[in-house]
Amino acid sequence: MNTKNNDIIDTLISDWKKERPDLDASSMHIVGRILKLGKTLEKRAGKALQESGIYYTDLDVLATLRRSGSPYELTPKELMMSVLITSGAMTALLDRLTKLDLIYRAPDSSDGRIRRAGLTQKGIEIIDKAIETRFSEATTSVQTLNNSEKEQLSDLLKKLMAALNS
């Protein structure tokens, strides 16, 4: 292994090899890097979104509503199927987005107990700008990879996600 190009994951695996040679830490080459990369990418996305005045979790909900198509409304259950936050966090987030006038809450026409979330005009304007920023930042994040590498990495990550979610 070229020690000049070692990263924190190489160091931690090397340390475990010394301390617990009986353990196979080799999977951490992948898992550790995915975990670290996930945190790094989320931090970069959050920083890129600062100018828009929304957080990454806001983007997740607003983008889900926006890509659902007109009238840009979903039930909380429908939102939960497309976002990465818990139901308790979802309620607090929807309340906050309502106070910011980015979404409105309205009774569902088929079941009045359900309150649909929908984008306001202000919400549409904010998410349309923010998603451009988000996609641009994502492009910048993977620019070190060529198109073939991007496709291969995407396929491998998809395969791993499918196996772990089954």
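Cut-offs applied
- Residues numbered from 1 in each chain as written.
- Predicted model: local features only at pLDDT ≥ 70, side-chain atom pairs only at ≥ 80, totals over all residues.
- Heavy atoms only, no water.
- Helix = DSSP H or I, 4+ residues; strand = E, 2+ residues; numbered from the N terminus.
- Buried < 20%, exposed > 50% of the residue type's maximum accessible area, 1.4 Å probe, protein only.
- Pairing = 2+ DSSP bridges.

As annotated in an unreviewed UniProt entry, the protein chain carries the name DNA-binding MarR family transcriptional regulator and comes from Ulvibacter antarcticus.

A. Structural detail: unusual backbone geometry. For the peptide bond that leads from Ser70 to Pro71, omega is 15°, which places it in the cis range. With respect to the secondary-structure elements, Pro71 resides in the loop between α3 (56–67) and β1 (73–74). One non-glycine residue, Tyr72, lies in the positive phi region at around 60°. The residue Tyr72 is located in the loop between α3 and β1 in this model. One non-glycine residue with positive phi stands out, namely Asp101, at about 60°. Mapping Asp101 onto the fold places it in the loop between α5 (87–99) and β2 (103–107). Assessed through its relative accessible area of 42%, Asp101 is described here as partly exposed.

B. Main features of the pairing of strand β3 (residues 115–119). When you tally the buried positions in β3, you get 4 out of 5 residues, the bulk of the element. Both β2 and β3 contribute to a ladder of 5 bridges, which runs antiparallel. Residue Ala106 lies in a different strand from β3, and its bridge partner there is Arg116.

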